[in-house]
Amino acid sequence: LHAGTLGLMGFGLTDFFTLKAQGAIPQDKDLNVIQLFLVGGPSQLDTWDMKPDAPSEIRGPYKPIKTNVPGIEISEIFPRMAQCADKYTLVRSVYHTAAAVHDTGHQMMQTGRLFQGGIVSPHFGSVMAWKKGGRGAIPPHVLLPRPIGNTGGGLPHGQDAGFLGKMYDPFVLNADPSDPNFKVPDMLPPDYISALRADRRRDWRVMIDQTVKDFESAPDAKLFNTNFNQAYGLMSSTQAREAFEIHREPDQVRDSYGRNRFGQSCLLSRRLIEAGVRYVTVNMF
């Protein structure tokens, strides 16, 4: 669009490709993301964006401390975080003017948009799943430990694939990784179903599919077929099963993350990224 207006724009395609050839413009990186979503978490006034000069009814009870970045201060409750402020970025300008309920904030923070006119925008992880796809049987987007519940507004929170379709919804754990008896509910068949019986059930489905070809041509049926293959691949994958086996971590490592639902979810998110998951969303309740 701008190729014929290089003089007006000041930077055009020739400049872009020249800089790209010189390596000055980053290439499309195969990123991995862990999103910690602190549902009902501590206020920014007590953590990252303190207002020490504000009236007492606004500012929190904590005092700001200096960090290793000149001019940046954070709460005194984060002395170790203050020592590595050059390793993270604080965005203190985020706001929205929609209804003052949690749900609208959730939508903005997880999709970049407010839902209007019946259109539900997809979660960032679902967009990555759509753009990049999965790696083998490992799902591209996983949500831990469970989705956000009702927070008072009765609106969608933006934790699914929205208009991209159910195919790109996250794999939802729906289990507590800190439970001593933790296991993924939908990962493997029950112990009493042998691999032979599981394969036989899959063969039965193939046989049934051959008798309903007219139905299989419908869009809903194609989606069902895709979802079935994804679910079966995940269920029977050794790689996927081992990624969720948090008990393989040394006790010292598990203790360092905290033997609670959020801490163990964070540890599990690291294992999943190492196994090939592209995007992990961890909700803290």
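In case you missed it, the structure is sitting above this.
Criteria and thresholds
- Residues numbered from 1 in each chain as written.
- Predicted model: local features only at pLDDT ≥ 70, side-chain atom pairs only at ≥ 80, totals over all residues.
- Heavy atoms only, no water.
- Helix = DSSP H or I, 4+ residues; strand = E, 2+ residues; numbered from the N terminus.
- Buried < 20%, exposed > 50% of the residue type's maximum accessible area, 1.4 Å probe, protein only.
- Areas by Shrake-Rupley, 256 points an atom, 1.4 Å probe, with all protein chains shown as cover.
- Arc of directions from axis to C-beta.
- Contact = heavy atoms within 4.5 Å.
- Phe/Tyr/Trp six-rings, centres within 6.5 Å; stacked < 30°, edge-to-face > 60°.
- Pairing = 2+ DSSP bridges.
- Axes fitted to C-alpha atoms, helices over the stretch in contact; angles between N-to-C directions.
- Lys, Arg positive; Asp, Glu negative; His and termini not counted.
- Salt bridge = Lys/Arg side-chain N within 4 Å of Asp/Glu carboxyl O.
- Expected span 1.5 Å × (residues − 1).
- Polar contact = N/O pair within 3.5 Å; in protein donor to acceptor, adjacent residues only side chain to side chain.

*Asks:* Even after reading the chapter, I still don't get the overall build of the protein, so can you show me in this structure?
*Replies:* Regarding its fold elements, the protein presents eleven helices and six strands. Expressed as a percentage of the 285 residues in the protein, the buried residues total 31%. With the model as given, the accessible surface of the protein reaches about 18000 Å², and the carbon-plus-sulfur share is 56%.

*Asks:* Help me out: how do you make sense of helix H5 (residues 124-132) in this one?
*Replies:* Residues three or four positions apart in an α-helix share a direction because the helix packs 3.6 residues into each turn. Taken together, the buried positions of H5 are occupied by Gly 125, Ser 126, Met 128 and Ala 129. Buried residues along H5 cover an arc of 155° about the axis, so they all sit on one side. Here the buried face of H5 lies against strand S1 (33-38), strand S4 (141-144) and strand S6 (279-284). Phi turns positive one or two residues past the end of H5, at Gly 133, with a value near 75°.

*Asks:* Would you mind showing me how to read the packing of aromatic side chains here?
*Replies:* The relation between two aromatic rings is expressed through the spacing of the ring centres and the mutual angle of the planes. Applying the stated criterion across every chain, the model contains three aromatic pairs. Taking the centre distance of 6.0 Å and the plane angle of 65° together, the rings of Trp 48 and Tyr 88 count as edge-to-face. Of this pair, Trp 48 sits in the loop between S1 and strand S2 (64-66) while Tyr 88 sits in the loop between helix H3 (79-82) and helix H4 (102-111), and the two are 40 residues apart along the sequence. Three or more aromatic residues joined by ring pairs make a cluster, and in this case those are Trp 48, Phe 78 and Tyr 88.

*Asks:* Would you explain the pairing of S6 in this entry?
*Replies:* Two faces make up the sheet, and in a regular strand the side chains alternate between them. When you tally the buried positions in S6, you get five out of six residues, the bulk of the element. Of the pairings in the sheet, the one linking S1 to S6 comprises six bridges and is parallel in character. In the sheet register, Gln 35 faces S6, and the bridge partner there is Thr 281. In the sheet, S4 pairs with S6 via four bridges, with the strands oriented parallel. Along S6, the bridge assignment pairs Val 142 with Val 280.

*Asks:* Looking at this model, I keep getting lost on the environment of Leu 268. Mind explaining?
*Replies:* Along the polypeptide, Leu 268 turns up in helix H11 (residues 261-275). Given a relative accessible area of 0%, Leu 268 falls into the buried group. Considered as a pair, Leu 268 and Pro 177 are 91 residues apart in the sequence and their alpha carbons are 7.5 Å apart. Apart from the residues within four sequence positions on either side, Leu 268 is in contact with Leu 144, Leu 173, Pro 177, Phe 182, Ala 243, Phe 244 and Ile 246.

*Asks:* I keep staring at the environment of Gly 158 and nothing clicks. Help me out?
*Replies:* One can find Gly 158 in the loop between S4 and strand S5 (171-172). In sequence terms Gly 158 and Gly 105 are 53 residues apart; their C-alpha atoms lie 9.7 Å from each other.

*Asks:* Would you mind going over the environment of Phe 124 with me for this structure?
*Replies:* Turning to its location among the elements, Phe 124 is positioned in helix H5. It is 8.2 Å that separates the C-alpha atoms of Phe 124 and Gly 112, two residues lying twelve residues apart in sequence. In this view, Phe 124 contacts Met 109, Gln 110, Thr 111, Gly 112 and Tyr 279; residues no more than four positions away in its chain are not counted.

*Asks:* Explain the sheet that holds S6 to me, please; I cannot follow it from the model alone.
*Replies:* Each strand in a sheet pairs with its neighbour through backbone hydrogen bonds, running either in the same direction (parallel) or in the opposite one (antiparallel). Reading across the sheet, the four strands line up as S1-S6-S4-S5 and stay open at both edges, with parallel pairing between neighbours. In this open sheet, the two edge strands, each paired with only one partner strand, are S1 and S5. Pairing between S4 and S5: two bridges, direction parallel. Looking across to S5, one finds that Leu 143 is bridged to Val 172. Across the sheet, H5 is in contact with S1, S4 and S6; its angle to S6 comes to roughly 165°.

*Asks:* How should the side chain of Asp 103 be read in this particular structure?
*Replies:* Locating Asp 103 in the fold gives a position in helix H4. Despite being buried, Asp 103 has no salt bridge partner; Arg 146 is the closest side chain of opposite charge, sitting 13 Å away.

*Asks:* Hey, could you run me through H11 in this one?
*Replies:* For H11, spanning 15 residues, the distance from its first C-alpha to its last is 21 Å, which sits close to the expected 21 Å at 1.5 Å a residue. The buried count for H11 comes to eleven of 15 residues, which makes it a mostly enclosed element. Listed in full, the buried residues belonging to H11 are Gly 263, Gln 264, Ser 265, Cys 266, Leu 267, Leu 268, Ser 269, Arg 271, Leu 272, Ile 273 and Ala 275. Structurally, H11 contributes buried residues whose contacts are with S1, S4, helix H9 (238-243), helix H10 (251-257) and S6. Measuring from the side-chain oxygen of the N-cap residue of H11 to the backbone nitrogen of Phe 262 gives 3.3 Å; that N-cap residue is Asn 260. Positive phi shows up at Gly 276, right after H11, with a value of about 125°.

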